[in-house]
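Listed here are the chains, written in short residue letters.
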Amino acid sequence: MRMTSRIDVLGMIPWMLAALLVSLAFESELGAEPPAAEASTEVSQWVDLFNGRDLSGWANVNTEPDTWSVKDGLLVCSGKPIGVMRSEKQYENFILHIEWRHMKAGGNSGVFAWSEGFVPEGSRLPKGMEVQMLELDWVNQHPLKNGEPNHIGYISGELFGAGGLTATPDNPRGRRSMSVELRCKGVGQWNVYDVVCVDGTVKLAINGKFVNSIRDSSVRKGYLCLESEGSEIHFRNIRILELPPGITTPEQTAKVIEE
């Protein structure tokens, strides 16, 4: 009986070894590190939207040929007539850096994000998310009915939906969102806006500090528009950093304008 058992065991050794090797191989496969994903060669880069020489990359919407010009490396807007020019390309998620200065007290302008890029009949400005650019004296030049200066929120980089775009303000002034701190500089002085637009949320930094935000934008992909609204304004250092896209539906996307 003992000899027979020994022979049986010896005969089973090759099968036992085979099973062990298979088991070890299986465990090794399960415990092995997955192959490293190939490194992406696409790295987002800042792109200039104004080259300092001409209006390449922009299209006039409803202003005059002399409304927008280039002088001494600056983009100059006369402010007349009221209207916009738009980017040739649509943008979804991005960071926009733009510097601006009003040349007249009480000047009015702005930049539109996620805009439809055209102006409906009977209107002068497009649908889009407006990032307001007002000179400080605007509140004095447009007083309330009782003669008091208008609400200070107007001149602090307000964010609001224009032309039917809806959104939820984080710092409400009605349907608009006003900055929690007044940081804009007055006539003739340069202001720096850094505008972060991601998945329907816009956050605005004014001269180096984030002070305003709005969310739940009904449009989340569209054109950029620069606004002409009454008085001379200068722009420089306009650049954009595109970010990865999000879950944006066709209903949240502006229609492409055929050139």
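The coordinates are above.
Keep in mind it's a predicted model, so treat the numbers as computed, not measured.

Q: Looking at this model, I keep getting lost on the overall build of the protein. Mind explaining?
A: Along the protein, the regular secondary structure elements total two helices and 17 strands. Taking all 259 residues of the protein together, the buried fraction comes to 40%. Contacts in the protein between residues at least 24 apart in sequence constitute 72% of all its contacts with a sequence separation of at least 6. Total accessible area computed for the protein in this model is approximately 14600 Å², and 56% of it derives from carbon and sulfur atoms.

Q: What's the story with the pattern of salt bridges in this structure? I'm lost.
A: Oppositely charged side chains may form a pair once their charged atoms are brought near each other. Counted according to the given criterion, the structure contains nine salt bridges. As a salt-bridge pair, K89 and E242 come within 2.6 Å of each other at their nearest N and O atoms. Separated by 153 residues along the polypeptide, K89 in strand β5 (residues 83-91) and E242 in strand β17 (residues 233-242) bring together distant segments of the chain. R215 serves as the salt-bridge partner of D216, at 3.4 Å between the closest nitrogen and oxygen. R215 gets classed as partly exposed once you look at its relative accessible area, which sits at 34%. Taken together, the salt bridges that share partners define one network made up of E158, R173 and R176.

Q: What's the story with the nonpolar core in this structure? I'm lost.
A: For soluble globular proteins, nonpolar side chains are generally found buried alongside one another. In terms of nonpolar packing, the biggest core is built from 36 residues, with F94, L96, Y193, L224, L226, F235 and I238 touching the most fellow members. Excluding residues that lie within four positions of it along the chain, I238 makes contacts with V47, D48, L49, F50, L75, L96, H97, I98 and L226. Ranked by size, the runner-up nonpolar core spans six residues in total, among them V84, F112, V119 and F160.

Q: So what exactly am I meant to see when it comes to the environment of D194 here?
A: Within the secondary structure, D194 sits in strand β13 (residues 191-198). Beyond its immediate sequence surroundings of up to four residues, D194 is in contact with L96, H97, K203, L204, A205 and F210. There is a polar contact of 2.7 Å between the side chain of D194 and the side chain of H97.

Q: Looking at this model, I keep getting lost on the packing of aromatic side chains. Mind explaining?
A: In this description, a pair of aromatic rings is defined by centroid distance and the angle of the planes. For the structure on display, the rule yields three aromatic pairs. On the basis of an interplanar angle of 75 degrees and a centroid distance of 5.4 Å, the ring pair of W100 and Y193 is categorised as edge-to-face. On the criterion of sequence distance, the pair formed by W100 in strand β6 (residues 94-102) and Y193 in strand β13 is long-range, its members being 93 residues apart. Y193 shares its class with W100; the two are buried. Plain terms: the ring middles of W138 and Y154 are 4.8 Å apart, the flat faces sit at 45 degrees to each other, and that makes the pair tilted. You can see W138 sitting in helix α2 (residues 138-141) and its partner Y154 sitting in the loop between α2 and β9 (159-162), a full 16 residues away along the chain. Stacked on the ring of F160, the Lys or Arg R176 has its end atom at 3.8 Å from the ring centre. Positioned over the ring face of W190 is R236, at 4.0 Å from the centre of the ring.

Q: Where do I start with unusual backbone geometry in this structure?
A: Leaving glycine out, the prevailing phi sign among residues is negative, and the prevailing peptide bond configuration is trans. The step from K80 to P81 runs through a cis peptide bond, and the omega angle for that step is -5 degrees. Following the sequence through the fold, P81 ends up in the loop between β4 (74-77) and β5. One non-glycine residue, W114, adopts positive backbone phi at about 50 degrees. Positionally, W114 belongs in strand β7 (residues 108-115). Residue class for W114 comes out buried when judged on its relative accessible area of 1%. Residue D199 is not a glycine yet carries a positive backbone phi of 50 degrees. Turning to its location among the elements, D199 is positioned in the loop between β13 and β14 (201-206). Among the residues examined, D199 registers a relative accessible area of 37% and is labelled partly exposed.

Q: Help me understand the layout of surface pockets in this model?
A: Empty space among the atoms becomes apparent when a probe as large as a water molecule is rolled across them. Estimated volume of the largest pocket: approximately 210 Å³. As for the largest pocket, its lining consists of F160, G161, G164, L165, T166, A167, R175 and R176. Among the residues making up the lining of the largest pocket, the classes are represented as three nonpolar, three polar and two charged.

How each quantity is defined
Residues numbered from 1 in each chain as written. Predicted model: local features only at pLDDT ≥ 70, side-chain atom pairs only at ≥ 80, totals over all residues. Heavy atoms only, no water. Helix = DSSP H or I, 4+ residues; strand = E, 2+ residues; numbered from the N terminus. Buried < 20%, exposed > 50% of the residue type's maximum accessible area, 1.4 Å probe, protein only. Contact = heavy atoms within 4.5 Å. Areas by Shrake-Rupley, 256 points an atom, 1.4 Å probe, with all protein chains shown as cover. Salt bridge = Lys/Arg side-chain N within 4 Å of Asp/Glu carboxyl O. Core = buried A, V, L, I, M, F, W, Y, C linked by side-chain atoms within 4.5 Å. Polar contact = N/O pair within 3.5 Å; in protein donor to acceptor, adjacent residues only side chain to side chain. Phe/Tyr/Trp six-rings, centres within 6.5 Å; stacked < 30°, edge-to-face > 60°. Lys NZ or Arg CZ within 6 Å of the ring centre and 35° of its normal. 1 Å grid on protein atoms, 1.4 Å probe; cavity = no way out; pocket = protein on both sides within 12 Å on 5 of 7 lines; lining within 4 Å. Points joined across faces, edges and corners; volume = space filled by probe spheres on them. Nonpolar A, V, L, I, M, F, W, Y, C, P; charged D, E, K, R; others polar.

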